[in-house]
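# Chain and residue survey
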Amino acid sequence: MKIMGIEGKCYLIAPEGLEMDSILEAVRNHTGMRKGSFADRQVKRIFSDLFCNAFDLKSCYRKYYIEEYDSFREFLYQKETLEYDSIDSMELQEGDTVWELRYGINSYSIRDLIGYENENVPLFNQFLERNLQLTERQDH
């Protein structure tokens, strides 16, 4: 699972079937901060704002456009107007989906946190990777 800044937008590449609520729940349970502290609340707020209006593009493709486009890749190119190089940079696997992160709808401050040129996206990815690992270890 990773966040990518592509062509002025941010996308979350994640396994199909993984719901945004599950991701947010993992973040809420594993901020790495003392529970209830200011930092704990801020991390939860940041990720809630980042993910709150996320849109599952593959689900949309399957529900409405599967007959119209030959593949999900073609849907991303033709309907979502992503360049092939950008799509290829996502390194999508068969079981992956792409969530468009529409954080600007409710919170303009997230854009500042991500950075003008997405320079802070690696920090968000490190946090998500750490939380995903914690969640997986607790599930086993």
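Keep in mind the model is a prediction, meaning the values are calculated, not measured. (Residues numbered from 1 in each chain as written. Predicted model: local features only at pLDDT ≥ 70, side-chain atom pairs only at ≥ 80, totals over all residues. Heavy atoms only, no water.)

### Concerning unusual backbone geometry
Among all residues save glycine, negative phi is the norm, and among peptide bonds the norm is trans. Phi is positive for E7, which is not a glycine, with a value near 50°. Tracing the backbone through its elements, the reader meets E7 in the loop between strand 1 (2–6) and strand 2 (9–15). Positive phi, close to 50°, is recorded for E91, a residue that is not glycine. Tracing the chain through its elements places E91 in the loop between helix 5 (84–89) and strand 4 (96–101). Taking the relative accessible area as the measure of exposure, E91 reaches 55% and is therefore exposed. (Helix = DSSP H or I, 4+ residues; strand = E, 2+ residues; numbered from the N terminus. Buried < 20%, exposed > 50% of the residue type's maximum accessible area, 1.4 Å probe, protein only.)

### Overview of the confidence of the model for the chain
Looking at the chain as a whole, the pLDDT averages 85, with 89% of positions reaching at least 70. For the stretch residues 134–140, pLDDT sits under 50, and the model shows 4 contacts to residues farther than four places along the chain or on other chains. (pLDDT = per-residue confidence, 0-100. Contact = heavy atoms within 4.5 Å.)

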